[in-house]
Amino acid sequence: MNEKLAELKRRLLEIDDLNAATAVLNWDQTTYMPPGGAAARGRQLATLSQLAHEKFIDPEVGRLLEELRPYAESLPYDSDDASLIRVTQRQYDKSTKVPSALLGAFYEHSAAAYQAWTAARPANDFTAVQPYLEKTLDFSRQVANCFPGYDHIADPLIDFSDEGMKAETVRALFAELRAQLVPIVQAIVDQPVADNSCLLQTYPEADQLAFGQKVIRAYGFDFQRGRQDKTHHPFMTKFALGDIRITTRVKPNDLSEALFSTLHEAGHAMYEMGIKKDLDGTPLANGTSSGVHESQSRLWENLVGRSRPFWEHYYPELQAAFPDQLNGVSLDTFYRAINRVERSLIRTDADEVTYNLHVMIRFDLELALLEGSLAVKDLPDAWQARYQSDLGLQAPDNRDGVLQDVHWYGGFIGGAFQGYTLGNIMSAAFFDQARQAQPAVLDEMRQGEFATLHGWLKENIYQHGSKFTANELIERVTGGPLSIDPYIRYLRTKFGELYALA
Ligand code: ZN
């Protein structure tokens, strides 16, 4: 058994090396690569991904997993070896069920669809991407149908990013959340919108970056095992547990852009930095789902970084860093500015309260497309109708409507969006547990200290990597299935105070 396990680990490590090389090339592509590198980089990435895929679907990997199953079953469920064999087996089944030719054809198509979208969005031209999107929908259905026995055709696609979640459970959670959110949004937008002009002054780039880095260092982001660089669309990536990268973008006339994207990406990074070292180089050394990952970015960005206790400590420091801009601005005004709620057209700019409504619109439209009850040609109208009914807004064009998000133009239709809202729901559920277990968390935040919170998250969530699915993890941490109650309580308390809601 030992020899077989060593052989499996050796193969997985080799695949991990190829994936890490892909990640380095990707990171470089979006940070430092000159434009002339684009064509060769696309080819290099494709070569490495294909090599990693071929090595992973090698029948020998399947044989080793098969032979190791009795050994895995003899061990405790949460042991490193049992988890490695179990999780790798599930990934192997998924990777081998989709024919390589189908996947290859889809990647080729989605590269073309992405190219078409980069031209169509500025030109406000949905008809230019419509045929691509129709093909994407067809590919998405074909891939879903590689996993017969599903309850809903979106289930296999949701499972790729949020393993174990299903359309029906997500739909039910979202319906419950929507029913609670809509009246809160309504009550808030009936009031005058908060003044955020204090954020929209000139803030020198270097000082913005320095302040963000000071905060995430205090959070526990380890600069010996990570660094931050600039990019167009902020993201986090990992080359190994000892080398985790975050990126941000700076707007010289908007303080919130770099600061909150830094806190957000640091949350993703600290999750990965907290994974147990022994799991490095294996499929377990990753966050477990897009929802759980997003719960950690949102926790550090919003539940901590947009909270009153946090700013009671950090606002004087921010004023000291930007005296000309902020010395005449009270903590109260600043706190309201960073928590301003308004109905808006763009998901990525949305506040904590309205954000989930944007996600639900996309989730419902994905399901309708996959079910066949909505045709791609009718998507722009369906989009407008939902923005009208859910947010009371009419987008002036498709650019800020159905063309705004890259997801459907660079990936599958199905499974692309639910993780954002699942993450918000989970962030409050986890934070609630942390505060119950460690009541000092809030007081420490008022002192600019985060060690107790960070320690609790490492102990209960980070160290496990992807040993447990999101549902297993939630059950272990909260003692039950995912509930929206802590999240609704959080929003009601925070925004109830801010907007004096009944
Ligand atoms: Zn994120």
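Every value quoted in this text rests on a predicted model; they were computed, and no experiment measured them. (Residues numbered from 1 in each chain as written. Predicted model: local features only at pLDDT ≥ 70, side-chain atom pairs only at ≥ 80, totals over all residues. Heavy atoms only, no water.)

A.B. asks: Would you take a moment to explain the domain arrangement of the chain for this structure?
C.D. replies: Frequently, the measure chosen for interface size is the accessible area removed from exposure when the parts meet. Looking at the assigned domains, one finds that the chain contains domain 1 (2-129) and domain 2 (193-352 + 423-499). Computed from C-alpha atoms alone, the centre-to-centre distance between domain 1 and domain 2 is 28 Å. Listed by partner, the interface residues are 22 residues for domain 1 and 24 residues for domain 2. Summed over both sides, the interface between domain 1 and domain 2 buries roughly 1,700 Å², with carbon and sulfur atoms accounting for 57% of that surface. The interface formed by domain 1 and domain 2 includes 2 salt bridges. A salt bridge links lysine 276 to aspartate 80, with the shortest nitrogen-to-oxygen separation between them at 3.0 Å. Elements represented by at least two residues in the side of domain 1 that touches domain 2 include exactly α1 (2-31) and α4 (80-97). The element best represented in the side of domain 1 that touches domain 2 is α1, accounting for 9 residues. Residues belonging to the side of domain 1 that touches domain 2 are distributed by class as follows: 10 nonpolar, 6 polar and 6 charged. (Domains from an automatic or database assignment. Contact = heavy atoms within 4.5 Å. Buried area = accessible area lost by both parts, 1.4 Å probe. Salt bridge = Lys/Arg side-chain N within 4 Å of Asp/Glu carboxyl O. Helix = DSSP H or I, 4+ residues; strand = E, 2+ residues; numbered from the N terminus. Nonpolar A, V, L, I, M, F, W, Y, C, P; charged D, E, K, R; others polar.)

A.B. asks: I keep staring at the coordination of the zinc ion and nothing clicks. Help me out?
C.D. replies: Here the zinc ion is held by the protein donor atoms His264 (NE2), His268 (NE2) and Glu294 (OE), which lie 2.1 to 2.4 Å from it. Ordering the donors of the zinc ion by residue number gives the pattern H-x3-H-x25-E. Of the two residues, histidine 264 and histidine 268 both sit in helix α10 (residues 255-273), 4 residues apart, roughly one turn of that helix. Of the two residues examined, histidine 264 and histidine 268, each falls in the buried class. (Donors = N, O, S within 2.8 Å, 3.2 Å for Na, K, Ca; no water. Buried < 20%, exposed > 50% of the residue type's maximum accessible area, 1.4 Å probe, protein only.)

A.B. asks: So what exactly am I meant to see when it comes to the environment of glycine 415 here?
C.D. replies: Structurally, glycine 415 can be placed in the loop between α17 (407-410) and α18 (418-437). Note on glycine 415: relative accessible area 10%, which makes it buried. Expressed as a C-alpha distance, the spacing of glycine 415 and leucine 157, which sit 258 residues apart in the sequence, is 5.0 Å. The contacts of glycine 415, once residues within four sequence positions are left out, are Leu157, Ile158, Ser161 and Glu366.

A.B. asks: Got a minute to help me understand the layout of surface pockets in this structure?
C.D. replies: The probe, sized like a water molecule, is rolled over the atoms to show the empty space still left. Quantified by volume, the second largest pocket comes out at close to 570 Å³. Residues that form the lining of the second largest pocket fall into these classes: 10 nonpolar, 2 polar and 10 charged. (1 Å grid on protein atoms, 1.4 Å probe; cavity = no way out; pocket = protein on both sides within 12 Å on 5 of 7 lines; lining within 4 Å. Points joined across faces, edges and corners; volume = space filled by probe spheres on them.)

A.B. asks: Please clarify how the packing of aromatic side chains should be interpreted in this entry.
C.D. replies: Within a pair of aromatic rings, the relevant descriptors are the distance that separates the centres and the angle that separates the planes. On inspection of all chains with the given rule, the structure shows 31 aromatic pairs. With centroids separated by 5.5 Å and ring planes inclined at 15°, the aromatic side chains of tryptophan 383 and tyrosine 387 adopt a geometry described as stacked. Taken as a pair, tryptophan 383 and tyrosine 387 lie in helix α16 (residues 379-391) at a separation of 4 residues, close to a single helical turn. Taking relative accessible area as the criterion, tryptophan 383 reaches 3% and is therefore assigned buried. A relative accessible area of 1% means that tyrosine 387 is categorised as buried. Centroid distance phenylalanine 417 to tyrosine 420: 6.3 Å. Interplanar angle 45°. Geometry classified as tilted. Classification of phenylalanine 417 by relative accessible area gives buried; the value is 1%. (Phe/Tyr/Trp six-rings, centres within 6.5 Å; stacked < 30°, edge-to-face > 60°.)

A.B. asks: Looking at this structure, I do not really get empty space enclosed by the protein. What am I missing?
C.D. replies: Scanning all chains against the criterion turns up 3 cavities of 30 Å³ or more. Here the largest cavity is characterised by a volume of approximately 50 Å³. Looking at the largest cavity, the residues that line it are Arg298, Asn302, Leu303, Asp351, Glu352, Tyr355, Asn424, Ser427, Tyr487 and Tyr490. Counting only elements with at least two residues in the lining of the largest cavity, the list comes to α11 (290-304), α18 and α22 (485-498). Looking at the lining of the largest cavity element by element, the count peaks at 3 residues for α11. Residue composition of the lining of the largest cavity, grouped by class: 4 nonpolar, 3 polar and 3 charged.

A.B. asks: Explain helix α15 (residues 355-371) to me, please; I cannot follow it from the model alone.
C.D. replies: Counted at 1.5 Å a residue, the expected span for α15 with its 17 residues is 24 Å, and the 25 Å between its end C-alpha atoms agrees. For α15, a buried count of 15 out of 17 residues is recorded, marking the element as mostly surrounded by other parts of the structure. (Expected span 1.5 Å × (residues − 1).)

A.B. asks: Could you clarify how one ought to interpret the pattern of salt bridges in this entry?
C.D. replies: The final tally for this structure, using the stated rule, is 45 salt bridges. The shortest N-O distance in the salt bridge between arginine 306 and glutamate 301 comes to 2.9 Å. Glutamate 301 shares its class with arginine 306; the two are buried. Linking glutamate 352 and lysine 494 is a salt bridge whose minimum nitrogen-to-oxygen distance equals 2.7 Å.

A.B. asks: What is the right way to read the environment of arginine 399 from this model?
C.D. replies: Mapping arginine 399 onto the fold places it in the loop between α16 and α17. Classification of arginine 399 by relative accessible area gives partly exposed; the value is 31%. Each C-alpha atom of the pair arginine 399 and phenylalanine 322 lies 35 Å from the other, and the pair is 77 residues apart in sequence. Look past the residues within four positions of arginine 399 in its chain and what remains in contact with it is Arg121, Pro122, Asn124 and Gln404. Reaching out from arginine 399, the side chain makes a polar contact with the side chain of aspartate 397 at a distance of 3.2 Å. (Polar contact = N/O pair within 3.5 Å; in protein donor to acceptor, adjacent residues only side chain to side chain.)

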